[in-house]
Each structure stands twice: as C-alpha cells, then as structure tokens.
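# Descriptive structure summary
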Amino acid sequence: MNKDRKLIIAGNWKMNKTVAESVALVKSLKIELANIREVDMVVCPPFTALSEVSKEVLESGIRLGAQNMSEQNYGAFTGEIAAGMLKEFSVRYVILGHSERRQYQKEGDELISKKALAAHAASLRPIVCVGETLAEREGGLMEKVLTTQVHGSLAGLTPEQMDETIIAYEPVWAIGTGRTATTSQAQEAHAFIRKLVTGIFGEAVAKRVRIQYGGSVKAGNARELMSQPDVDGALVGGASLDARSFSDIIKNSI
Ligand code: PGA
C-alpha cells in the first residue's frame, strides 16, 4: 500500500495480561513480525508489564507505548504515573484521552491537552483519542464533538509538537462492540479531523499528521480501512491480545 504517511498500528492491551502473559505475547509478536519494516508497530501493555516487555522489544521493530500518564511530573498524586517514569522503560508513545478514560475517569479535553504537553516535554509521542458516541452521531453532532475534542485536546501544542503527535479517531460506538465504522464513515471522519488540524496547525503539518482508526479493527477489515486516503493506521484493542490476529492486522495492512 503506497501512502505518503507511514502507517502506525498500535495494540492497546487495556487492563489485560499479567507480566508472564505479556512477555509471552510479545515474544510471539517478535517472531510473527520479524521482517516488517513498512509499518510503525507499537504495543501498549499495562504499566505493570512495561519493564519486562521493554526488555523483550529491544532490538526488534516493535516500539513500546503506555496507556495513560499523569499531567504532573512528580509529587503527591497517589496512583499516578509520570512521563519520566515511563521513559525509564524506553516508552516512546502514550495513549491519551481514550474514550474509556473519558467515560470512566471523567477525563476532559483540558486535562488531556495538559497530558499531551507533559508527554512532549518528556519526548513521548502522544496518541490522542477522539470520537463521538452513538447518541452524538445519531443526533447529527459528530462534527461538533470532533471539533470540540480536537481543539480542546490539542490546545497549546506547537506545530512542531503536533508533528510528533498521533490522533486516533475512535467512534465510541465501535469500540469493543464488533461494530466497525464503514470505510466511508471512517474516511469521512478522518478527512474532517485533518481539516480541523489544517485550521489549527497549517496545511503542511496536517498533511504529515497520522490519524489512526480504532474500533473493532480485525484482520478481516484492516486492509479496507487502511486503504482509505486519510486512514494512517489503527489503534487495536481486543484483536491485539492475540499474536496471530494482531500480526495479521499488520500484515494485511501493508
Ligand atoms: P477494540 O478497541 O479494538 O476492542 O474495539 C479499540 C480501542 O479501544 O482502542
């Protein structure tokens, strides 16, 4: 598949996998994906497995991501993890503002933008998630929601920082439901997001920024989704928990 932007496919393991299970999964991925250079490949295990998985991915094409981080650098914030702590494990990416955190931890755009700035200050690349709920889509509010989220979550970033930021479009109604956006729904939303990025950061940045699709991505639908002009990768949940299905998503996307 020939695109100007290199595809980036990330596995979000969410609250799954013990350390031993994480190591086993990444060992299998290293074998399955040994010769892949065409796609940036990222795994995001739970915090507890970052240390062991970081040792496994050394000298492989697989990069490490975290699923969240604090907007603070250190201090009395019980239960939080700072960017500097992630850096100790060679983490390169961090998922921010996932819809599950927006929903269950009530994270809002202002906090997410602070986290994105803190990530950049530590040279971590944020994967900033946006996406509408089913009620919002059915109410004709998709563009309004995406506009608010993109402007709010990326507030304060410089164009240089935006160049090192990835956006994940994840319609909430497609996450973990088996209900994927159609390719035209995905393309339409991605093009709209790119237009928003153009308005904020300029055309050159918008042309370079990578926008992942997320929501029930599987080996069977990856190729069609990735073939859309504005879809530059995937953020994969359920199907990233199994080495074969995650590898097949990557292989089918090339
Ligand atoms: P899913 O999750 O692939 O299981 O739908 C995607 C995500 O939440 O990133």
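Refer to the structure printed above.
First things first, this report covers the structure right here in the doc. What you are looking at is a predicted structure, and each value in this text was computed from that prediction instead of being measured. Think of each chain on its own: its residues are numbered from 1, step by step along the sequence as written. Per-residue local features of the predicted model are confined to residues with pLDDT of at least 70, and side-chain atom pairs are confined, for both listing and counting, to 80 or more; whole-chain, interface and lining totals are unaffected and use all residues. Only hydrogens and water are set aside; all other atoms, that is, all heavy atoms of the structure, feed into the side-chain values.

### Some points on the state of the cysteines
The condition is simple: In this description, a disulfide is simply a cysteine sulfur pair whose atoms lie within 2.5 Å. Burial here depends on accessible area, computed with a 1.4 Å probe over protein chains only, as a share of the maximum for the residue type. Under 20% is buried, over 50% is exposed, and the range in between is partly exposed.
Here the structure, examined in full by the defined rule, presents zero disulfides. Its sulfur unpaired, Cys-44 is 9.5 Å from the next cysteine sulfur, which belongs to Cys-129. Note on Cys-44: relative accessible area 0%, which makes it buried. In this structure Cys-129 comes out as buried when scored by relative accessible area, which is 2%.

### Considering the pattern of salt bridges
Put simply, the rule reads: What makes a salt bridge here is a side-chain nitrogen of Lys or Arg within 4 Å of a carboxyl oxygen of Asp or Glu, nothing more. In this description a helix means any DSSP run of H or I spanning at least four residues, a strand means any run of E spanning at least two, and both kinds are numbered starting from the N terminus.
The full count for this structure, using the stated rule, is 19 salt bridges. For Asp-40, the salt bridge is made with Lys-6, and the minimal N-O distance between the two is 3.1 Å. Here the residue Asp-40 occupies a position in strand β2 (residues 39–44), and Lys-6 occupies one in the segment before β1 (7–12), the gap between them amounting to 34 residues. Glu-32 is the partner of Arg-244 in a salt bridge, and the nearest nitrogen-oxygen pair spans 3.4 Å. Here Arg-244, found in helix α12 (residues 243–253), pairs with Glu-32, found in helix α1 (residues 19–32); they are 212 residues apart in sequence, far enough to count as distant.

### Overview of the pairing of β2
Cut-off, in case you're wondering: Strands were regarded as paired on the criterion that DSSP finds at least two bridges between them. Orient the strands so they point away from the viewer; a crossover is then right-handed if the path from the first strand over the helix to the second runs clockwise.
Of all six residues in β2, five are buried; the element is thus mostly enclosed. In the sheet, β1 pairs with β2 via six bridges, with the strands oriented parallel. Looking at the pairing, Gly-11 lines up with Val-43 of β2. One crossover worth recording links β1 to the parallel β2 by way of α1, and it is right-handed. Relative to strand β3 (residues 62–66), β2 runs parallel, the two sharing three bridges.

That's the geometry; what it means functionally is another story.
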